[in-house]
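Breakdown of the fold
Residue-level listing of the chains:
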Amino acid sequence: MQKSTNLSEYRKSCQEALGDDFLREAMDKFATAYRANRVNAFADMHEKELIAEIAESKDAAIARLPELFEQFRAKAEAAGVKVHLARTAGEANEIIARIARDNGVKKIVKSKSMTAEETLLNHALEDEFEVVETDLGEWIIQLRHEGPSHMVMPAIHLSRHQVRDLFSEVTGQQQESDIQKLVKVARRELRRHYAEADMGISGANFAIAETGSIGLVTNEGNARLVTTLPRVHVALCGLDKLTPSIHDALRVLKALPRNATGQALTSYVTWITGANECATAEGGRKEMHVVFLDNGRSAMAEDPDFAQVLRCVRCGACANVCPVYRLVGGHKMGHIYIGAIGLILTYFFHGRDKARNLVQNCINCGACKEVCAAGIDLPRLIKEIHSRILDEDGHPTYSDLLGKLMKNRKLFHTLLRTAKLGQAPLKDGEGFLRHLPLMFFKEHNYRALPTIAEKPFRDMWKEIEPKLTGTKLRVGLFAGCVQDFVYPEQMAAAVKVMDHGKAHMDFPMEQSCCGLPLQMMGETAHAAEVAAQNVAALDPARYDYIVTLCASCASQLKHSYPRLLADDPAMSLKAKQFADKVIDFSSFVRDVLGIGADDFQNVAVTTKTAYHAPCHLCRGLGVVGTSQELISDSGLDYVKADEEDVCCGFGGTFSMKFPEESKELLNKKLDNVAKTGAKQLLTDCPGCVMQLRGGARRRGDDLQVRHIAEALAERLK
Ligand code: SF4
Ligand code: SF4
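First, a word on what this report is: a plain description of the structure on this page. None of these values were measured; they are calculated from a predicted model.

On to the nonpolar core. Judged by nonpolar contacts, the single largest core of 97 residues is most densely connected at Phe72, Leu242, Val290, Phe292, Ile341 and Leu378. Not counting residues within four places of it along the chain, the set of residues in contact with phenylalanine 72 comprises Val83, Ala207, Ile208, Ala209, Gly212, Ser213, Ile214, Leu242, Val290 and Phe292.

Right under this line is the structure:
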């Protein structure tokens, strides 16, 4: 559970997690195995179609939650179940405590329920009743007085040796570290509690309105004991679990275990309709209650931006693939709910004080969105929460000033030109700053920083602008600030390649930063103004394509601009037309200009060349394999590094806020490249070049890091 009161405290707590070698190793192993298992699990299915169907059916259910609740209530009550609706977490806990009191309950057994974690149910009950968790992971963390570090595997942060010591203490006998033996200890210890308990509390994965049934998806079988043996059963579930029919639930069930653990199906799926027979209950029939929790869900259902959050089926996949979660674990990347969805839910369920630091610990890599079983646009919503928090708290002076500076293009560019003059004594002659400014000392010193170029691309343009011969297409070039002012040679190389493909290029001088850094800082209003300037500068009516060499810019221009400008009557249509014409460099070169093997020198180069797939290219734009094919076509010896598409740790302002995490991601990436023996590393994003080149330089790696355009330009016939 996150208790840090400010960002620097939070950052320190994340650093502690980074220093936990066991955690790092366990998370690495898990993340690697999970990726492979998930691919296998979905191998025989149309994964994207299934996810789209789930999203559609969940949206339809979310739009009619009150109606589904009434339908469920009528059906369940007809089957002898008492149905409650709790507006808040406290109310849910009070209802459950009252049920226990009214039934003379002394001991309660519980199966795993994230909703019960959300309400802190155990804390509310433990003074009055004996409460025993029966899911192995939940029991372990209950004994340790901790919260879960994963929604599906709550004790993933612990080693078997830690569990051995814990079980030795609990049983008063020395236990062994063998996992099977530890499971037996838990089974033996927990059995008597099932038999002694008066009440069982479960969650519910589904609440089926047409039948008044609940559905439980588990792997350990403990939920069956919890819901059958005690004379009272209470199911606590969020209103978002309401689903019209069993058919809708079965559709989710196809994705849930595959996404959660890479299993085709869990060991147990339990459907309960009505209060069943129970030998220990008075009258031979169990007392059954279903407590629905609202806790902000009804308001979320009305929110056009955030209603989609209620689609979540709690599979935990968004944590499994998150590079930040993999580094720091769930106790740091979450409050109660963890991972990408946790960053969002914390704001709604636990308040902005708990969410304020968490939402900044997202590198915006898009890995969570790619696997989400419910198709939730998690990275965008995380940025949106950050922006809302800033609106509510007041924007920090530095980010507001930066926003004002960036939307004043002339002033921004003048400052960059002035900085170029100031850096003269600090340059090392190889494109890096020899001495870093004071603010980049210590934890920021893991990568060398580049100098600002002698001549920005905008000042070169008139000299290198190709003559119009055999023109095929009209192309607007978008540079972004890094390629314009730091790496203009990347742009110049791209112009050479596109000229070879007979594109007619134009570089409008009024263009500015794409605005992504502002959005990452939560400065949405400033980002919208910058977007409007760029759309006006590169009027889509003038071009067939708007090409950028920066994957992050491309993703921002294509996906964020229509949303940022949606409420601007003068710009909204233009922003959509603009976005439709945006394309990344590699796709444009290969798929539009048709540049291939015949365009390159036919002498092969034996230097091994690895590729880093930028997050915003492979996930943001869905461009997969295009650049690698171009590299091979150009005659370079392409070698695939492990985790080629995992984030390099740049993330713009993320690397400034969380340098320790950025450094770890960078080193992992460079280690994977080193294993291939590659001497050249190519990528499609100047930010990634900055991170990887600066990191390789600091480490002393024998590795040339370049933009793919530079390598292709060199290899043209
Ligand atoms: S965008 Fe990347 S870093 Fe952010 S929550 Fe999703 S997976 Fe994690
Ligand atoms: S947000 Fe998506 S990936 Fe994350 S737990 Fe929910 S359904 Fe699973």
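Moving on: the packing of helix 27 (residues 551-564) against helix 28 (residues 572-581). The contact between helix 27 and helix 28 brings their axes to 8 Å, and the two run at 165°. Between helix 27 and helix 28, the angle falls in the class roughly antiparallel. Read as a crossing pair, helix 27 and helix 28 show a hand that is left-handed. Across the interface between the two elements, Leu557, Lys558, Tyr561 and Pro562 of helix 27 pack against Ala575, Lys576, Phe578, Ala579 and Asp580 of helix 28.

This part is about the site of ligand 1. Lining the immediate surroundings of ligand 1 are 14 residues, of which Cys322, Cys362, Ile363, Cys365 and Cys368 lie closest. Elements with a minimum of two residues in the shell around ligand 1: helix 15 (323-328), helix 18 (367-371) and helix 19 (378-393). Classifying every residue of the shell around ligand 1 by side-chain character gives 12 nonpolar, 2 polar and no charged.

Taking strand neighbours across the sheet as the criterion, the 6 strands line up as 1-10-7-4-2-3 in an open arrangement whose pairing is parallel. Every other strand in the sheet has two partners, leaving strand 1 (81-86) and strand 3 (130-133) as the edge strands with one partner each. Across the sheet, the mean angle separating the axes of adjacent strands is 20° when strand polarity is ignored. Inspection of the sheet shows strand 7 (residues 232-238) paired to strand 10 (residues 287-293) by 7 bridges, in the parallel sense. Across the sheet, the residue bridging to glycine 238 is leucine 293, located in strand 10. Here helix 4 (residues 65-78) sits on the sheet in contact with strand 1 and strand 10, set at roughly 155° to strand 1. Its contacts with the sheet put helix 10 (residues 179-196) on strand 2 (107-110) and strand 3, and the angle it makes with strand 2 is roughly 120°.

Scoring rules and cut-offs
- Residues numbered from 1 in each chain as written.
- Chains lettered and ligands numbered in written order.
- Predicted model: local features only at pLDDT ≥ 70, side-chain atom pairs only at ≥ 80, totals over all residues.
- Heavy atoms only, no water.
- Core = buried A, V, L, I, M, F, W, Y, C linked by side-chain atoms within 4.5 Å.
- Buried < 20%, exposed > 50% of the residue type's maximum accessible area, 1.4 Å probe, protein only.
- Contact = heavy atoms within 4.5 Å.
- Axes fitted to C-alpha atoms, helices over the stretch in contact; angles between N-to-C directions.
- Helix = DSSP H or I, 4+ residues; strand = E, 2+ residues; numbered from the N terminus.
- Parallel < 35°, antiparallel > 145°, perpendicular 65-115°, else oblique.
- Left-handed = near helix turned anticlockwise from the far one by under 90°.
- Near = heavy atom within 4 Å.
- Nonpolar A, V, L, I, M, F, W, Y, C, P; charged D, E, K, R; others polar.
- Pairing = 2+ DSSP bridges.

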